[in-house]
Amino acid sequence: MAASLATALTSASFAADKLVVGFSQIGSESGWRAAETSVTKQQAADRGIDLKFADAQQKQENQIKAIRGFIAQGVNAILVAPVVATGWDDVLKEAKEANIPVILLDRGVDAPEDLYLTSVASDQVKEGTVAGNWLVSAVGDAPCKVVEIEGTVGSTPAINRKKGFDEAVLAHANITIIRSQTGEFTRAKGKEVMEGFLKAENGGADICAVYAHNDDMAVGAIQAIKDAGLKPGTDIKVVSIDGVPDIFSAMVAGEANASVELTPNMAGPAFDALAAYLKDGTVPPKFIVTESKLYTPADNPQGEYDARKGLGY
Ligand code: AHR
């Protein structure tokens, strides 16, 4: 058994038979985030893991403080959903020096890969590409001016979902992204940003589609479009990412056109990888990539809503 693994197994100051895992969560900016929190707690409970939960309220400094607290407590492992990509090196080095494996959930970091055990996340560039490809085929050769509501500035989903969408649409001269602004992954900010876009673009008459980096911002945008007297889904196409119940309701109502699903169950694969690592040193792949499936109104949105509504969204 590797020395670091042996230390990880014996350093916890908790009951020897119960794994203790710290989880630094970003906050609760979206329905998807709420579901991830609730699924993570459930996955931990199902495995008899003692999960120490810390809500960072969107602040990296709170996450760093929480991780230092987990290190001081001598937890067996740490899960972190990093709010932004940069600024993690020091605290990840501290966890490594304490022989505590760190697993990233749903977002990446700009830090050396040896500072974390594995990362469980979607391919966020692909999510953007899937959304963009959907728009390309939905508009065909017709001219289409797109407004984009981005996620949290400096977060990997905002960076990568923009990149993937750009890659899909920019080769098509009939599609142009005319405005981009952050909506911080929240419904309220998504609505506010869309209101600004509508005002700036002739009350919305010049907008063909809105691409939102998550469903919550799309739902906010849908409200803004309705308030402006237009029909979301018809006058302005709506494409976004997450697959939360509210976007399926919007599809049922004809107000949303497409969403790329992001599973809220990042913790299941993370705990499986951790269990194997702690058991016999099995090193997981550095990136465990979850699926990115496209849903449209043709995919039984009522059924998809029903299947998800009890999951903590
Ligand atoms: O990192 C995943 C993103 O974070 C989700 O798409 C979004 O809803 C959340 O806030």
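Keep in mind that this is a model prediction, so the values were computed, not measured.

A.B. asks: Please provide a residue-by-residue account of the pattern of salt bridges, values included.
C.D. replies: By the definition in use, this model includes 23 salt bridges. Here Asp114 and Lys96 are joined by a salt bridge, their closest N and O atoms 2.8 Å apart. On the criterion of sequence distance, the pair formed by Asp114 in the loop between strand S4 (102–105) and strand S5 (118–122) and Lys96 in helix H4 (residues 89–97) is long-range, its members being 18 residues apart. By relative accessible area, Lys96 is classed as partly exposed at 41%. Through salt bridges with shared partners, a single network forms among Glu29, Arg33, Glu36, Asp106 and Arg107.

A.B. asks: I'd like a description of the packing of helix H8 (residues 215–227) against helix H9 (residues 245–252), backed by residues and values.
C.D. replies: Contact geometry for H8 and H9: axes closest at 9 Å, N-to-C directions at 40°. In this view, H8 runs oblique relative to H9, as classed from their interaxial angle. Our pair here, H8 against H9, has a crossing hand that is left-handed. Residues Asp215, Ala218, Val219 and Ile222 of H8 form the contact with H9, whose participating residues are Asp246, Ile247 and Ala250. Residues belonging to the contact of H8 with H9 are distributed by class as follows: 5 nonpolar, no polar and 2 charged.

A.B. asks: Quick one: what's the story with unusual backbone geometry, residue by residue and with numbers?
C.D. replies: A positive phi angle, near 60°, is found at Asn99, a position not held by glycine. Here Asn99 is to be found in the loop between H4 and S4. Assessed through its relative accessible area of 23%, Asn99 is described here as partly exposed. The phi dihedral of Glu184 falls on the positive side, at around 55°, and the residue is not glycine. Relative to the elements of secondary structure, Glu184 occurs in the loop between strand S7 (175–182) and helix H7 (187–200). Looking at Glu184, the relative accessible area reads 40%, which means it is partly exposed.

A.B. asks: Give me the pairing of strand S11 (residues 287–290): which residues, what numbers.
C.D. replies: A regular strand carries its side chains on alternate faces of the sheet. Only one face of S11 is buried, namely the one carrying Ile288 and Thr290, since none of Phe287 and Val289 on the opposite face is buried. Two elements, S5 and S11, share 4 bridges in a ladder whose sense is parallel. Note on S11: the bridge partner recorded for Val120 is Ile288.

A.B. asks: Let's hear about the environment of Asp215: which residues, and what values?
C.D. replies: Here Asp215 lies in helix H8. Between the C-alpha atoms of Asp215 and Arg187, which are 28 residues apart in sequence, the distance is 8.2 Å. When neighbours within four sequence positions are excluded, Asp215 is seen to be in contact with Ser240, Ile241, Asp242, Gly243, Val244, Ile247 and Ser259.

A.B. asks: Mind laying out the sheet that holds strand S6 (residues 144–150), listing which residues take part and the relevant values?
C.D. replies: Reading across from one edge, S7-S6-S8-S9-S10-S12 is the order of the 6 strands in this open sheet, with mixed pairing throughout. Where the open sheet ends on each side, the last strands, each with one partner, are S7 and strand S12 (294–295). In terms of strand pairing, strand S8 (residues 209–212) meets strand S9 (residues 237–242) through 3 bridges, oriented parallel. Residue pairing across strands places Tyr211 opposite Val239, the latter belonging to S9. Along the sheet, helix H5 (residues 124–139) makes contact with S6, S7, S8, S9, strand S10 (258–261) and S12, crossing S9 at roughly 160°.

A.B. asks: So what's going on with the site of the ligand? Residues and values would help.
C.D. replies: Taken together, Glu29, Ser30, Trp32, Arg33, Asp106, Arg107, Pro157, Arg161, Phe185, Asn214, Asp242 and Leu262 form the complete shell of residues around the ligand. Here an oxygen atom of the ligand sits 2.9 Å away from a polar atom, N or O, in the side chain of Arg107. Interatomic distance of 2.9 Å between a side-chain N/O atom of Asn214 and an oxygen atom of the ligand. In the complex, the protein chains occlude 100% of the 280 Å² of accessible area that the ligand would expose alone. Contributions of two or more residues to the shell around the ligand are made by helix H2 (31–46) and helix H6 (156–169). Each residue belonging to the shell around the ligand can be placed in one class, and the counts come to 4 nonpolar, 2 polar and 6 charged.

Rules used in this analysis
Residues numbered from 1 in each chain as written. Predicted model: local features only at pLDDT ≥ 70, side-chain atom pairs only at ≥ 80, totals over all residues. Heavy atoms only, no water. Salt bridge = Lys/Arg side-chain N within 4 Å of Asp/Glu carboxyl O. Helix = DSSP H or I, 4+ residues; strand = E, 2+ residues; numbered from the N terminus. Buried < 20%, exposed > 50% of the residue type's maximum accessible area, 1.4 Å probe, protein only. Axes fitted to C-alpha atoms, helices over the stretch in contact; angles between N-to-C directions. Parallel < 35°, antiparallel > 145°, perpendicular 65-115°, else oblique. Left-handed = near helix turned anticlockwise from the far one by under 90°. Contact = heavy atoms within 4.5 Å. Nonpolar A, V, L, I, M, F, W, Y, C, P; charged D, E, K, R; others polar. Pairing = 2+ DSSP bridges. Near = heavy atom within 4 Å. Polar contact = N/O pair within 3.5 Å; in protein donor to acceptor, adjacent residues only side chain to side chain. Areas by Shrake-Rupley, 256 points an atom, 1.4 Å probe, with all protein chains shown as cover.

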